Each structure stands twice: as C-alpha cells, then as structure tokens.
Amino acid sequence: MNLIVAVDKNWAIGYQNKLLVSIPDDMKFFRQTTTGKVVVMGRKTLESFPNQAPLKNRTNIVVTKDISYKGNGAIVVHDMDELHAELSKYASEDIYVIGGESIYRQLLDECDTAHVTYIDYAYDADTYFPKLDEKPEWQIAEESEEQTYFDLEYVFRKYVKKQA
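Keep in mind that this is a model prediction, so the values were computed, not measured.

Here is what the cut-offs are and how they apply
- Residues numbered from 1 in each chain as written.
- Predicted model: local features only at pLDDT ≥ 70, side-chain atom pairs only at ≥ 80, totals over all residues.
- Heavy atoms only, no water.
- Pairing = 2+ DSSP bridges.
- Helix = DSSP H or I, 4+ residues; strand = E, 2+ residues; numbered from the N terminus.
- Buried < 20%, exposed > 50% of the residue type's maximum accessible area, 1.4 Å probe, protein only.
- Arc of directions from axis to C-beta.
- Contact = heavy atoms within 4.5 Å.
- Polar contact = N/O pair within 3.5 Å; in protein donor to acceptor, adjacent residues only side chain to side chain.
- Salt bridge = Lys/Arg side-chain N within 4 Å of Asp/Glu carboxyl O.
- Phe/Tyr/Trp six-rings, centres within 6.5 Å; stacked < 30°, edge-to-face > 60°.

Asks: Would you take a moment to explain the sheet that holds strand β3 (residues 18–19) for this structure?
Replies: Backbone hydrogen bonds hold the strands of a sheet together, and the pairing may be parallel or antiparallel. Spatially, β3-β2-β9 is the arrangement adopted by the three strands of the open sheet, whose pairing is antiparallel. The two strands at the open ends of the sheet, each matched to only one other strand, are β3 and β9 (127–128). Across two bridges, strand β2 (residues 12–15) lies against β3 in antiparallel orientation. Within the sheet, the bridge partner assigned to tyrosine 15 lies in β3 and is lysine 18.

Structure follows, in structure tokens:
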C-alpha cells in the first residue's frame, strides 16, 4: 500500500481543513500517480474537495464513524475492519492513502511506499504527518532535483520501508 502527501519543513500537512499550499506540479504528480487507482481518505479530506465530490477516475474510499454519512458517490466504511475488507478487493500497489492526519497515522504501518512532496517552508498549520526522517524503518529511495514555484523550493521524495 502507498501513501501520498505534501508536507512543509515541520511535516505539517494542513490548516483549517485546507492544504497549506497548492503547487501545480505537485497537483499534477498527485493526479498522475492516483488516477485509475484506489484512494483512501477520511471524511474531512473528502469534504475539502470542490463540491465535496470524490476524485474523478479513481475508486474513492472514505472512512468515517458517522454511520449516516453518504459520501457523495464514494465508498463509505466506518472502521478499520470494514476498510480492510474493502481494500482486500484491490491490489495493494494500487491503493493510495491520501489523508488526513488520523487516516495517515492509522495506516502508515501498513504502507511500504510513501510519495512525499517536501516543501522547504514552515506554514501555520494544525495537522501533521509523522516525520518519516525520524522513523528508522523508512528510507529515501528517490529524490528529485530541487523544484521552485515562485519563491517556494520543494522536492519530490519517494520513501520506502526497509525490508525486515
């Protein structure tokens, strides 16, 4: 299973249920990487999308404790057991965890690849991603050249979990 995330230099991922910044090349990478795949998210992540609509050309799975939640066309599950039953229908390499914070934390140990857009800037934030650089089981397998978007510098990193 994979995850995909954009983080700032403090590993922050959002503020008031919004992304910290929208970088066109990061959005393009996200779209290219996840199109045709399965994306797993929490309710607040789905609700942060335009019209609270699931992402096009992907199988959208939303995890929420709200049993009356409809999900606007996404597959809705209510706990990790239900999620795992649903995910068992798909190839692990086709599954991407896309947020938010609690979903990332709950599924991080089940992922073996993390696509991280690392932005060299500290934003005001209220949600964070676990710092993979501080986790010995994760290592950087690939890193792009430094990119810039106006005055922001960022890199695309691919982390992989070390084989035990």
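Asks: It is not clear to me how the pairing of strand β1 (residues 2–7) should be interpreted in this structure. Could you clarify?
Replies: Here is the key point about a regular strand: its side chains alternate between the two faces of the sheet. For β1, a buried count of five out of six residues is recorded, marking the element as mostly surrounded by other parts of the structure. Judged from the two bridges that link them, β1 and strand β7 (residues 95–99) form a sheet pairing that is parallel. The partner of asparagine 2 across the bridge, within β7, is tyrosine 96. Looking at chain direction, β1 and strand β8 (residues 113–119) are connected through six bridges and run parallel. If you follow valine 5 over to β8, its bridge partner there is valine 116.

Asks: I tried to follow helix α3 (residues 80–87) on my own but got confused; where do I start?
Replies: Residue pairs spaced three or four apart in an α-helix point in one direction, given the helix's 3.6 residues per turn. By the burial criterion, the buried members of α3 are Met80, Leu83, Glu86 and Leu87. The buried residues of α3 occupy an angular sector of 120° when the element is viewed end-on, so they sit on one face. Contact partners of the buried residues in α3: β4 (38–42), β5 (59–63), β6 (75–77), β7 and α4 (101–107). Its side-chain oxygen placed 3.1 Å from the backbone nitrogen of aspartate 81, aspartate 79 serves as the N-cap of α3.

Asks: I tried to follow the environment of asparagine 17 on my own but got confused; where do I start?
Replies: Mapping asparagine 17 onto the fold places it in the loop between β2 and β3. Sequence spacing of asparagine 17 and aspartate 126 is 109 residues, and the spatial spacing of their C-alpha atoms is 8.7 Å. Beyond its immediate sequence surroundings of up to four residues, asparagine 17 is in contact with Lys44, Thr45 and Ser48. From its side chain, asparagine 17 meets the backbone oxygen of lysine 44 in a polar contact 3.1 Å long.

Asks: What's the story with the pattern of salt bridges in this structure? I'm lost.
Replies: Proximity of charged atoms lets side chains of opposite charge pair with each other. Under the criterion given, the structure shown has eight salt bridges. Across the pair arginine 43 and glutamate 47 runs a salt bridge, and its minimum N-O distance is 2.8 Å. You can see arginine 43 and its partner glutamate 47 sitting in helix α2 (residues 43–47), four residues apart, about one turn around the helix. Its relative accessible area of 24% is what places glutamate 47 among the partly exposed residues. One salt bridge connects glutamate 142 with lysine 158, and the closest N-O pair in it is separated by 3.8 Å. Residue glutamate 142 is found in strand β10 (residues 138–143), and its partner lysine 158 is found in strand β12 (residues 152–161); the two are separated by 16 residues along the sequence. By relative accessible area, which is 47% here, glutamate 142 ends up partly exposed. Residues joined in a network through salt bridges with shared partners are Asp133, Glu143 and Arg157.

Asks: Got a minute to help me understand the packing of aromatic side chains in this structure?
Replies: For any pair of aromatic rings, the description rests on two quantities: the centre-to-centre distance and the angle between the ring planes. This structure, assessed with the given rule, holds eight aromatic pairs. With a centroid separation of 5.2 Å and 40° between ring planes, the pair formed by phenylalanine 29 and phenylalanine 156 is classed as tilted. On the criterion of sequence distance, the pair formed by phenylalanine 29 in helix α1 (residues 24–34) and phenylalanine 156 in strand β12 is long-range, its members being 127 residues apart. Phenylalanine 29 gets classed as partly exposed once you look at its relative accessible area, which sits at 25%.

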